[in-house]
Amino acid sequence: MKILKNIKDLKKAISKISNLGFVPTMGGLHKGHISLIKLSKKKCNKTLVSIYVNPIQFNRISDFRNYPRNLNNDIKILKKHKVDFLFIPHTKEILKNKNKKIVIKNKDKILCAIHRKGHFEGVLEIMNRFVKIIFPKYIFLGEKDYQQYFLIKKYFKKRFKNTRIYLSKTIRDKNLIALSTRNMLLNKKKLRIASNIVKILIKFKKDISKNNNKILDIKSLKKELSKKFDIKIDYLEIRNKYNLSLNIKKNSYKVFIAYYLGQIRMIDNF
Ligand code: AMP
């Protein structure tokens, strides 16, 4: 595996590769990330993983500081899975030049875009910079961060016509919690709550599929969860999975949740 720490070396290393798969990550790798890598290796001749804890997508400095980092272990995992290239950029270089900001339309200011101000602007900004350097054939993203996938796809469609975005399903642990680097920061009690919430929401989605009128119960479910587990819920909403509007049609919706376990913000969708 070639480890590249600056843009010039990266460009040189990948210049002759036409079928390149790109898996952007913030490190702290787990089986969710590995599933994306495996897909990329299946679909592409070469796979490039980036590890970069992007400061401009955090809206709380404490969250950025506490984000789990374990580069040495990540490198071991990537070598084991025979990744071809690892890009670990420095903030000084990757955020050096000021670009014209990608502005998120009012229509898209929903879910995490309201509750984490500036978050997706930061994600789109860094992804835009990465893709302009890498020009991958495919970008592999996880369904766990569905709104992120939705926005990257929407805002990059015209910018990068030769890059396709591939969505990979959410990998969960045996208690059905979606794997996430932040889960390392949760104690046993919090993990138990997270698992219970997932189970309740999976059942709720099943109930809706049997009886659409159940959709109306979402508000009372939000109150119930918040009271039962003593948690702050940013949102619990059902949205159209194709355009994220509130116009819900049969079998075309997803249930989205974001909530706090102490200081740790959890997101998931079903
Ligand atoms: P992160 O390192 O958290 O920024 O995630 C990097 C990529 O891995 C994103 O496309 C995520 O959606 C994806 N990802 C994170 N957790 C999971 C998971 N449990 N299952 C599938 N993909 C995931």
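First, a word on scope: everything that follows refers to the structure included in this document. Everything numeric here is computed off the predicted structure, so don't read it as measured data.

Scoring rules and cut-offs
Each chain carries its own residue numbering, running from 1 in the written order of its sequence. Only residues with pLDDT of at least 70 get local features here, since the model is predicted, and only at 80 or more are side-chain atom pairs given and counted; chain-wide, interface and lining totals rely on the full set of residues. To get the side-chain values, all heavy atoms of the structure are used, and hydrogens and water are removed first. We count a salt bridge whenever a side-chain nitrogen from Lys or Arg sits within 4 Å of a carboxyl oxygen from Asp or Glu. Relative accessibility thresholds used throughout: buried, under 20% of the residue-type maximum; exposed, over 50%; partly exposed, between the two (1.4 Å probe, protein chains only). Secondary structure follows DSSP: runs of H or I at least 4 residues long count as helices, runs of E at least 2 residues long count as strands, and numbering of each begins at the N terminus. Patch membership needs two things, relative accessible area over 30% and no salt bridge, and members are linked within 9 Å if like-charged or within 5 Å if nonpolar (Val, Leu, Ile, Met, Phe, Trp, Tyr). Note on areas: Shrake-Rupley, 1.4 Å probe, and residue coverage restricted to the protein chains presented here. Residues scored as positive are Lys and Arg, those scored as negative are Asp and Glu, and His as well as the terminal groups of each chain are ignored. Note that the charge is assigned to NZ on lysines, CZ on arginines, CG on aspartates and CD on glutamates. The pairing criterion is simple: DSSP has to find at least two bridges between the two strands. Crossovers are described as right-handed under a simple rule: with the strands pointing away from the observer, the path leading from the first strand over the helix to the second runs clockwise. A molecule or strand has a residue near it when one of that residue's heavy atoms lies within 4 Å. Here a polar contact is recorded for every N or O atom pair within 3.5 Å, except that within protein the pair must consist of a potential hydrogen donor and a potential acceptor, and residues adjacent in sequence are included only if both atoms are side-chain atoms.

Describing the pattern of salt bridges
Working step 1: Here the structure, examined in full by the defined rule, presents 13 salt bridges.
Working step 2: The partner of Asp145 in a salt bridge is Lys144, and the shortest N-O contact between them spans 3.9 Å.
Working step 3: Judged by its relative accessible area of 15%, Lys144 falls in the buried class.
Working step 4: Between Lys203 and Asp207 there is a salt bridge whose closest N-O contact spans 3.0 Å. On the criterion of helical spacing, the pair formed by Lys203 and Asp207 is a turn pair, its members being four residues apart in helix α9 (residues 188-210).
Working step 5: A single network of salt bridges, built from pairs that share partners, joins Asp63, Arg116 and Arg182.

Observations regarding a positive patch on the surface
Working step 1: Judged by side-chain charge, Lys42, Lys43, Lys105, Lys107, Lys137, Lys153, Lys157, Lys158, Lys161 and Arg164 come together as a positively charged surface patch.
Working step 2: Residue classification places Lys158 among the exposed residues on the basis of a relative accessible area of 72%.

Notes on the pairing of strand β5 (residues 138-142)
Along any regular strand, the residues point their side chains to alternate faces of the sheet.
Working step 1: Of all five residues making up β5, four are buried, and the element is well covered by its neighbours.
Working step 2: In this structure, strand β2 (residues 20-25) lies alongside β5, joined through two bridges in parallel fashion. Residue pairing for β5: Gly21 is matched across the bridge by Tyr138.
Working step 3: Direction of pairing for β5 relative to strand β6 (residues 164-168): parallel, over a ladder of five bridges. Each residue of the ladder has a partner; that of Gly142, found in β6, is Ser168.
Working step 4: On the question of chirality, the crossover connecting β5 to the parallel β6 by way of helix α8 (residues 146-156) is right-handed.

Here we look at the site of the ligand
Working step 1: Contacts to the ligand come from 17 residues, most closely from Met26, His33, Asp145, Ile171 and Leu179.
Working step 2: Here His33 contributes a side-chain N or O atom positioned 2.8 Å from an oxygen atom of the ligand.
Working step 3: Taking Gly142, its main chain carries an N or O atom lying 2.9 Å from an oxygen atom of the ligand.
Working step 4: With the chains in place, 92% of the 490 Å² that the ligand exposes on its own is no longer accessible.
Working step 5: For the shell around the ligand, the elements supplying multiple residues, two or more each, are β2, α2 (31-43) and β5.
Working step 6: For the shell around the ligand, the element with the highest residue contribution is α2, accounting for three residues.

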